[in-house]
Amino acid sequence: MKAETNILNGYWGLLSNLAPDLKLKLIEKLSQSVHNDLLAKKNNFDKSFGAWSDSKEANEIIHDIRNARTFNREIELF
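Residues numbered from 1 in each chain as written. Predicted model: local features only at pLDDT ≥ 70, side-chain atom pairs only at ≥ 80, totals over all residues. Heavy atoms only, no water.

Along the protein, the regular secondary structure elements total three helices and zero strands. For the protein, the sequential pattern of α-helices and β-strands runs α-α-α. By the compact-globule yardstick of 12 Å for 78 residues, the protein is too spread out, its C-alpha radius of gyration being 28 Å. Judged by the C-alpha coordinates and their principal axes, the protein covers about 75 × 45 × 15 Å. (Helix = DSSP H or I, 4+ residues; strand = E, 2+ residues; numbered from the N terminus. Rg over C-alpha atoms; globule rule 2.2 N^0.38 Å.)

On to the pattern of salt bridges, then. Here the idea is simple: oppositely charged side chains can pair when their charged atoms come close. For the structure shown, the criterion picks out one salt bridge. With a shortest N-O distance of 2.5 Å, K56 and D64 are connected by a salt bridge. D64 sits in the partly exposed class, given a relative accessible area of 35%. (Salt bridge = Lys/Arg side-chain N within 4 Å of Asp/Glu carboxyl O. Buried < 20%, exposed > 50% of the residue type's maximum accessible area, 1.4 Å probe, protein only.)

Moving on to a nonpolar patch on the surface. A surface patch of nonpolar side chains, about 360 Å² in accessible area, is lined by I7, Y11 and L14. Structurally, I7 can be placed in helix α1 (residues 2-15). (Patch = residues over 30% accessible without salt bridge, like charges linked within 9 Å, V, L, I, M, F, W, Y side chains within 5 Å. Areas by Shrake-Rupley, 256 points an atom, 1.4 Å probe, with all protein chains shown as cover.)

Okay, the environment of F71 next. Summarising the element assignment, F71 is placed in the segment after α3 (58-68). Along the sequence, F71 and L26 sit 45 residues apart, while their C-alpha atoms lie 62 Å from each other.

Moving on, we come to the environment of K29. Position of K29 relative to the elements: it lies in helix α2 (residues 20-47). For the pair K29 and N59, spaced 30 residues apart in the sequence, the C-alpha separation amounts to 52 Å.

Have a look at this one:
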């Protein structure tokens, strides 16, 4: 936490002498950046709950999965 505080204080030292209109533009850019970050995070979260999309019926998919199973019951020697 101390490192972040030092970084912020360093930036503030650089930016505190800016003209008010430049400070406002910087605020706009930072706000847009935060907004974009939050949207990207939300979109990634929403994408993780996507539904299965396929043109096959559920029973066909189940049938394909069961038929694709392979069983190897060979006992390996040590």
